[in-house]
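# Residue-level structural notes
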Amino acid sequence: MTLEGGEAVLQFADQCLYRLGEDQLFDIGAQSPCALGQGGEYPAGEQLAVMAGDQTPALQPAALGDGKASKKGAADLTAIGTLTEVTGNVQINGKPTRAGAPLQRNNPLQTGPDGAATLTFTDGQTLHLRSASRFSIKDYRYAAQQPERNRAIFDLAQGSLIYQAGTMAKDNPQAVKLITPSGTLDVNAANFTVIIGSMVLQVSAGSVTLNGQEITAGQYVYVSDLGNLQVFNSL
């Protein structure tokens, strides 16, 4: 890395260059142009938000000496939370990780048979992933002064988690959603536990909505493999 005035220039082994302006964050990640084999020189920012496969945009090298990065794109690389606790085998983007790692949108997380992880987001909501879970952050946007624009969309494809609501769901009950194989949960500022398989849902505080049906504190839900939903007041 070299410094040129108020910016940093990062050069990697495959000859990709990135220019990072003042007060900007950078994370090369697995989906950077370098990782995709696209050489050249790029400003840090929105041009780094590329995807693998056929959806990869055609990136054009920046003019030498330009060095002006998009602050909007740089914001997309900003951490939205932290992996506050890690036990056993836990991976982000298919790579082993540890406590303190930043969380970003579109991060896929996986816990092994002995693994567990606690995710804490900037609005204070927490998710505790149990063993053998597959989870991803589809979207997360939080601004304390604009609760009507906040949103979080999570996806639990396998395993189980314990969820505790933060400021986002309390200020805007429709802002947080959890996608599961059995349906989408509207969190409604609730605390709950969900287990994927023949899905089991326990609500300990507040309420959630699953497939249009409200589940309140103290109730349990069982969803069979055929999609039949049953609500119990006790187990």
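Above: the structure in question.
A quick note: this is a predicted structure, and the numbers were derived from the prediction, not measured.

### Points about the packing of aromatic side chains
Aromatic ring pairs are defined here through the distance separating the ring centres and the angle between the ring planes. In this structure the tally under the stated criterion is 4 aromatic pairs. Taking 5.1 Å as the distance between ring centres and 25 degrees as the angle between the ring planes, the aromatic pair formed by Phe121 and Tyr140 counts as stacked. In this pair, Phe121 sits in strand S10 (residues 116-121) while Tyr140 sits in strand S12 (residues 134-141), placing the two residues 19 residues apart along the sequence. Residue Phe121 shares its accessibility class with Tyr140, and that shared class is buried. Ring geometry for Tyr163 and Phe192: centres 5.1 Å apart, planes at 20 degrees, overall stacked.

### Quick notes on the pairing of strand S5 (residues 81-87)
With 2 bridges joining them, S5 and strand S8 (residues 102-103) adopt antiparallel strand pairing. Directly across from Thr82, in S8, lies its bridge partner Pro102. Relative to S10, S5 is paired through 6 bridges, and the arrangement is antiparallel. Considered in S10, the bridge of Thr87 is made with Ala116.

### Section: the sheet that holds S8
Spatially, the 9 strands line up as an open sheet ordered S8-S5-S10-S11-S14-S17-S18-S21-S22, and their pairing is antiparallel. The open sheet has two free edges, formed respectively by S8 and strand S22 (229-232), since each of these has just one partner strand. As paired elements, S10 and strand S11 (residues 126-129) share 4 bridges and run antiparallel to each other. Residue pairing in the sheet places Leu119 in a bridge with Leu127 of S11.

### Observations concerning the pairing of S22
Here strand S21 (residues 220-223) runs beside S22; their pairing, made up of 4 bridges, is antiparallel. Among the inter-strand pairings, Val223 is bridged to a residue of S22, identified as Leu229. Hairpin remark: S21 followed by S22, antiparallel, with 5 residues in the connecting loop; positive phi at Gly227, about 90 degrees.

### Topic: the environment of Leu185
Its place among the elements puts Leu185 in strand S16 (residues 183-186). Residue classification places Leu185 among the buried residues on the basis of a relative accessible area of 0%. Those residues within four positions of Leu185 in sequence are excluded, and the remaining contacts are Val176, Lys177, Leu178, Phe192, Leu201, Val208, Thr209 and Leu210.

### Things to note about the sheet that holds strand S9 (residues 108-111)
Pairing within the open sheet is mixed, and its 9 strands lie in the order S7-S6-S9-S12-S13-S15-S16-S19-S20. Unpaired on one side and paired on the other, strand S7 (95-96) and strand S20 (213-216) mark the two borders of the sheet.

### Some details on a nonpolar patch on the surface
On the surface, a cluster of nonpolar side chains totalling about 290 Å² of accessible area is made up of Ile195, Val200, Tyr222 and Phe232. As for its position among the elements, Ile195 is in strand S17 (residues 191-195).

### Considerations on the layout of surface pockets
The method is simple in principle: a probe with the dimensions of a water molecule rolls over the atoms, and the space it marks as empty is what remains. The space that makes up the second largest pocket amounts to roughly 280 Å³. Around the second largest pocket sit 14 residues that line it, and Arg105, Tyr140, Arg141, Tyr142 and Ala143 are the ones nearest its centre. For the lining of the second largest pocket, the residue count by class is 6 nonpolar, 4 polar and 4 charged.

### Some words on the environment of Asn107
Along the polypeptide, Asn107 turns up in the loop between S8 and S9. Separated by 13 residues in sequence, Asn107 and Gly94 have C-alpha atoms that sit 9.7 Å apart.

Rules used throughout
- Residues numbered from 1 in each chain as written.
- Predicted model: local features only at pLDDT ≥ 70, side-chain atom pairs only at ≥ 80, totals over all residues.
- Heavy atoms only, no water.
- Phe/Tyr/Trp six-rings, centres within 6.5 Å; stacked < 30°, edge-to-face > 60°.
- Helix = DSSP H or I, 4+ residues; strand = E, 2+ residues; numbered from the N terminus.
- Buried < 20%, exposed > 50% of the residue type's maximum accessible area, 1.4 Å probe, protein only.
- Pairing = 2+ DSSP bridges.
- Contact = heavy atoms within 4.5 Å.
- Patch = residues over 30% accessible without salt bridge, like charges linked within 9 Å, V, L, I, M, F, W, Y side chains within 5 Å.
- Areas by Shrake-Rupley, 256 points an atom, 1.4 Å probe, with all protein chains shown as cover.
- Salt bridge = Lys/Arg side-chain N within 4 Å of Asp/Glu carboxyl O.
- 1 Å grid on protein atoms, 1.4 Å probe; cavity = no way out; pocket = protein on both sides within 12 Å on 5 of 7 lines; lining within 4 Å.
- Points joined across faces, edges and corners; volume = space filled by probe spheres on them.
- Nonpolar A, V, L, I, M, F, W, Y, C, P; charged D, E, K, R; others polar.

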